[in-house]
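Spelled out from the first residue to the last, the chains are:
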Amino acid sequence: MTELLAEQPLVVSIMLGVLAAALIFSWLQTGKKALVIAGLICAALIPVAWVIAGNWVTDEERIETLIYDVAKAVEEERYDDVVELIGADQTKSQAGNELQRYEFEVAKVGNIRSIKMVQGSVPPQANVDMTVKVTVSEKRGSIKNVSIPRRLMLTFEKSGDPNAAHGGWLVSEYAHMPVIGKPDAYSTGTF
């Protein structure tokens, strides 16, 4: 119910509108004052549903914001900021080593295929499957300004400061590979 209220105000508005119309129609048929009052209350709740949805930030929305913030930090080569948003020490080391090998001209989020909350996990976790587009050069190598789409899979864990900008969500694992096909020589992680 909270997901419906927080992320789908149109559905809630349609339900409230139908209920309001049915109650007002019933009042016209029976003349009972309580029905028209209930119908008007339902109609008045429609804008309230939109206000709630606009102000209620869900975990999925926090994760999505974090994804875009990380992409911007990678593009601006603020690698220390990127590593700060990683929770697991092994993953921090992996990301730090990998990021230092490359220079990013472009790092854009393509399509977020899914954000799935892991039910029953403690601390809360979410798995993200997405595509990214990077224009990258190796600092010491032959690859220079190559534009590459990649599939990126991330596991987020809500283990940081809950009052932080992203609600305590941190990356605990990541893997990237070609968008289609099998992993290549640049692929990392296992998913």
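Residues numbered from 1 in each chain as written. Predicted model: local features only at pLDDT ≥ 70, side-chain atom pairs only at ≥ 80, totals over all residues. Heavy atoms only, no water.

(A) Quick look at the pairing of strand β4 (residues 169-178). Buried residues dominate β4, accounting for nine of its ten residues. With nine bridges connecting them, strand β3 (residues 146-158) and β4 associate as antiparallel partners. Residue pairing for β4: Leu152 is matched across the bridge by His176. (Buried < 20%, exposed > 50% of the residue type's maximum accessible area, 1.4 Å probe, protein only. Helix = DSSP H or I, 4+ residues; strand = E, 2+ residues; numbered from the N terminus. Pairing = 2+ DSSP bridges.)

(B) Representation of unusual backbone geometry within the structure. Across the junction of Val122 and Pro123, the peptide omega takes the value -5°, indicating a cis bond. Within the element layout of this structure, Pro123 appears in the loop between β1 (102-118) and β2 (125-138). For Glu77, which is not glycine, the phi torsion reads 55° and is therefore positive. For Glu77, the position within the fold is in the loop between α4 (59-75) and α5 (79-84). Phi at Asn145 takes a positive value of approximately 45°, unusual for a residue other than glycine. With a relative accessible area of 54%, Asn145 lands in the exposed category.

(C) Region of interest: a nonpolar patch on the surface. Together, Ile37, Ile41, Leu45, Val48, Ile52 and Trp56 give the surface a local cluster of nonpolar side chains, amounting to about 490 Å² of exposed area. Its location among the elements puts Ile52 in helix α3 (residues 33-55). (Patch = residues over 30% accessible without salt bridge, like charges linked within 9 Å, V, L, I, M, F, W, Y side chains within 5 Å. Areas by Shrake-Rupley, 256 points an atom, 1.4 Å probe, with all protein chains shown as cover. Salt bridge = Lys/Arg side-chain N within 4 Å of Asp/Glu carboxyl O.)

(D) Up close: the pairing of β2. Taken across its 14 residues, β2 has eleven buried, putting it largely inside the fold. Alignment of β1 against β2, held across 14 bridges, turns out to be antiparallel. Its bridge partner lying in β2, Val109 is registered against Val132. One ladder, built from twelve bridges, connects β2 with β3; its direction is antiparallel. Of the residues in β3, the one forming a bridge with Val128 is Leu154.

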